[in-house]
Amino acid sequence: MVDERFFASFIHCYFIAFGVIIGGAIIGSIGEFATGNAPLTSIGRIAKNLRIWAIVAAIGGTFDAIANFERGLFDGSTMDIFKQAFLILSAMGGVKTAITLLEWLIQEDIT
């Protein structure tokens, strides 16, 4: 059975990844503006570079994810594998939502 803590973690992962992309891209573009570069173009570039880091930050670092996968494979706890996979998917959803919002705001395609 899936407990309430998992749902809270699921929602947290989504919004942490969302916040890393939005905050990192916007704050990073302020630095680009201060150095004389185009801030809107840099938002897209920074968001693209932050994608994997947002997922890692949202799931709490790679070591915990690997430990949960190991526990699922070797200790027979398959529920841990599914929980970790759903947390990663939640973080990926947060990243995709943030990038879609930034694409809408800057009117560029972030690929």
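Rules of the game
Residues numbered from 1 in each chain as written. Predicted model: local features only at pLDDT ≥ 70, side-chain atom pairs only at ≥ 80, totals over all residues. Heavy atoms only, no water. Helix = DSSP H or I, 4+ residues; strand = E, 2+ residues; numbered from the N terminus. Buried < 20%, exposed > 50% of the residue type's maximum accessible area, 1.4 Å probe, protein only. Lys, Arg positive; Asp, Glu negative; His and termini not counted. Salt bridge = Lys/Arg side-chain N within 4 Å of Asp/Glu carboxyl O. Contact = heavy atoms within 4.5 Å. Phe/Tyr/Trp six-rings, centres within 6.5 Å; stacked < 30°, edge-to-face > 60°. pLDDT = per-residue confidence, 0-100. Core = buried A, V, L, I, M, F, W, Y, C linked by side-chain atoms within 4.5 Å.

Caption draft 1: How the structure looks around the side chain of glutamate 103. Looking at the element boundaries, glutamate 103 is found in helix α4 (residues 78–106). Nearest to the buried, unbridged glutamate 103 among oppositely charged side chains is lysine 96, at 5.4 Å. Setting aside its immediate chain neighbours within four residues, glutamate 103 contacts Glu108, Asp109 and Ile110.

Caption draft 2: Quick look at the environment of glycine 23. Looking at the secondary structure, you find glycine 23 in helix α1 (residues 4–34). Sequence-wise, glycine 23 and methionine 79 are 56 residues apart; in three dimensions their C-alpha atoms are separated by 33 Å.

Caption draft 3: Layout of the pattern of salt bridges. Tallied over the full model, the rule gives one salt bridge. The closest approach of N and O atoms between arginine 45 and glutamate 32, which form a salt bridge, is 3.0 Å. Note that arginine 45 is positioned in helix α2 (residues 39–58) and glutamate 32 in helix α1, a separation of 13 residues in sequence. The class of arginine 45 is partly exposed, set by a relative accessible area of 42%. Judged by its relative accessible area of 18%, glutamate 32 is buried.

Caption draft 4: Structural context of the packing of aromatic side chains. Across all of its chains, the model carries four aromatic pairs by this definition. Consider the rings of tyrosine 14 and phenylalanine 15, whose centres lie 4.9 Å apart with planes at 80°: the pair is edge-to-face. Residue classification places tyrosine 14 among the partly exposed positions, given a relative accessible area of 25%. By the ring-pair criterion, three or more aromatic residues cluster together here, those being Phe6, Phe7 and Phe10.

Caption draft 5: Local environment of the side chain of serine 90. Structurally, serine 90 is set in helix α4. Given a relative accessible area of 4%, serine 90 falls into the buried group. Beyond its immediate sequence surroundings of up to four residues, serine 90 is in contact with Phe10, Cys13 and Tyr14.

Caption draft 6: Looking closely at the confidence of the model for the protein. Residues of the protein with pLDDT of at least 70 account for 90%, and the chain-wide mean is 86. Confidence, read as mean pLDDT per element, is least for helix α3 (residues 62–74) in the protein (69) and greatest for α1 (92).

Caption draft 7: Representation of the nonpolar core within the structure. Ile21, Ala47, Val95 and Leu102 are the most contacted members of the largest nonpolar core, which has 21 residues in total. Ranked by residue count, the leading element in this core is α4, at seven residues. Residue contacts for valine 95: discarding those within four places in its chain leaves Ala17, Ile21, Arg51, Ala54 and Ile55.

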